[in-house]
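Summary of structural features
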Amino acid sequence: MTPEHARLVAALRELRAGAGLSLAALAERTAYSKSSWERYLNGKALPPRQAVQELCRLADQPQGRPLALWEIAESRWSGRSTATPQPASSTSTDSSTDSSTDSSTEGPPPQPVEAATTEGPRRRLGRNRLLVLLASAYSVIVGGVAVVLLFLLPDSEAPRAEPSPSSVPFSFAPLCHGAACEGRDPMRLICGIGPDTLATHRTATGAHVELRHSKKCGASWVRTWGTEIGDRVDVTADGPTHRVRIGNAEDAATFVYTAMTEATVGGTVRACFRPASADGERECFEARVTEPSAGTPSSSVQPGSGGGQSPTEARQGAAAR
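These notes cover the structure that comes with them. (Residues numbered from 1 in each chain as written. Predicted model: local features only at pLDDT ≥ 70, side-chain atom pairs only at ≥ 80, totals over all residues. Heavy atoms only, no water.)

1. Observations concerning the overall build of the protein
Each helix and strand in the protein was counted, giving nine helices and 10 strands. Evaluated residue by residue, the protein yields a buried proportion of 39% over its 321 residues. A total accessible area of about 16900 Å² is found for the protein, and carbon and sulfur atoms account for 54% of it. (Helix = DSSP H or I, 4+ residues; strand = E, 2+ residues; numbered from the N terminus. Buried < 20%, exposed > 50% of the residue type's maximum accessible area, 1.4 Å probe, protein only. Areas by Shrake-Rupley, 256 points an atom, 1.4 Å probe, with all protein chains shown as cover.)

Laid out in structure tokens, this is it:
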């Protein structure tokens, strides 16, 4: 499986996990069988474009990024990304035209021995031109693919640099717990299925920020949407701080997640939102992880403040940072 195909498979798995549908449910709601979806989600076969669109529809997610990944994977799968143009046939024509022009202006036609003597350099010149054409075409193709990948690859701060998924049967069982989840993607490790929402906050810019927690994984993360390019969100819970930045219009149009942080029962998880604008204030809020029977946990939210600080303190804290 190529890296392009692997990124597409990871995106499809994330969509399916967000939709919470089994293979049988996907087969019932789409025109593709259960075995077909199994091959698509395990990287054994490249799904049709319509299958990607159907999965986006079921997951209620934008189609932009998954379809872009599909275009790149399909191009590599079909071999279109490595095709090179046929060499132009004008070399031989130019050579014959040059020969006739030289013979008409320089006098009588050359003797056969002289023609044999000059034919060797002309052939070498034609081969050199062909090599230059092929090298130029290869450079253009490689440069084009590099530019496309540069714009489509996730931002370096986002927790999306997980290893490529292997061709193993898909499972709803979480793939990590506690400290093993620290700094990793909640969707790819199946922690994003049926999580609890610890707290929700609407920022001054209109963005939505949620503190999410998975009891099965023993970890928390932040989910945000309605953001603008350049906004940043981070999460911490008595450990490392994990941050994600809205890098492009596709990120701003869909859900964006931070990496996970280990969060135990009784612990406090804190989320902070930093708007892209230079004059925007940081907004923080927090929530406590409780037992399932303890009810909905309370959260302290103060828009425009740094999690309980006054506006002046928040501005001072932001300047210190």
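The structure having been displayed, the exposition proceeds.
2. Thoughts on the pattern of salt bridges
Tallied over the full model, the rule gives nine salt bridges. A salt bridge links Lys 44 to Glu 38; the shortest N-O distance between them is 3.1 Å. When its relative accessible area of 48% is taken as the criterion, Lys 44 is described as partly exposed. Exposure remark for Glu 38: the relative accessible area of 23% places this residue in the partly exposed category. Across the salt bridge formed by Arg 49 and Glu 71, the nearest N and O atoms sit 2.6 Å from each other. Of the two residues, Arg 49 is situated in helix H4 (residues 49-59) and Glu 71 in helix H5 (residues 64-78); the sequence distance between them amounts to 22 residues. Arg 49 gets classed as partly exposed once you look at its relative accessible area, which sits at 33%. Accessibility expressed as a relative area gives 35% for Glu 71, which makes it partly exposed. Within the structure, one salt-bridge network assembled from shared partners comprises Glu 210, Arg 212 and Arg 223. (Salt bridge = Lys/Arg side-chain N within 4 Å of Asp/Glu carboxyl O.)

3. Here we look at the state of the cysteines
A complete count under the given rule lists three disulfides for this structure. Cys 176 shares a disulfide with Cys 181; S-S distance 2.0 Å. Taking the sign of the S-S torsion, about 110° here, the bridge from Cys 176 to Cys 181 comes out right-handed. The buried category is assigned to Cys 176, whose relative accessible area is 8%. Each disulfide in the protein links cysteines that, numbered along the sequence, combine into the pattern 1-2, 3-4, 5-6. (Disulfide = S-S within 2.5 Å.)

4. Digging into H5
The first and last C-alpha atoms of H5 sit 21 Å apart over 15 residues, in line with the 21 Å expected at 1.5 Å per residue. Along H5, the residues that are buried comprise Pro 66, Leu 67, Ala 68, Leu 69, Trp 70, Ile 72, Ala 73, Glu 74 and Ser 75. (Expected span 1.5 Å × (residues − 1).)

5. What about unusual backbone geometry?
Residues other than glycine seldom take positive phi values, yet Ile 190 does so here, at roughly 60°. Here Ile 190 shows up in the loop between helix H7 (112-152) and strand S1 (196-202). The class of Ile 190 is buried, set by a relative accessible area of 6%.

6. Things to note about the nonpolar core
Counting residues in each nonpolar core, the largest one holds 23 residues, and the members touching the most others are Leu 8, Leu 12 and Trp 37. Of all elements in the fold, only helix H1 (3-19), helix H2 (23-29), helix H3 (34-41), H4 and H5 reach the threshold of two or more residues within this core. Among the elements that line this core, the one with the most residues is H4, at five residues. In this structure, Trp 37 is in contact with Leu 23, Leu 26, Ala 27, Thr 30, Tyr 32, Ala 51 and Leu 55, ignoring residues within four places of it in sequence. With 20 residues, the next largest nonpolar core counts Ala 199, Ile 246, Phe 285 and Ala 287 among its residues. (Core = buried A, V, L, I, M, F, W, Y, C linked by side-chain atoms within 4.5 Å. Contact = heavy atoms within 4.5 Å.)

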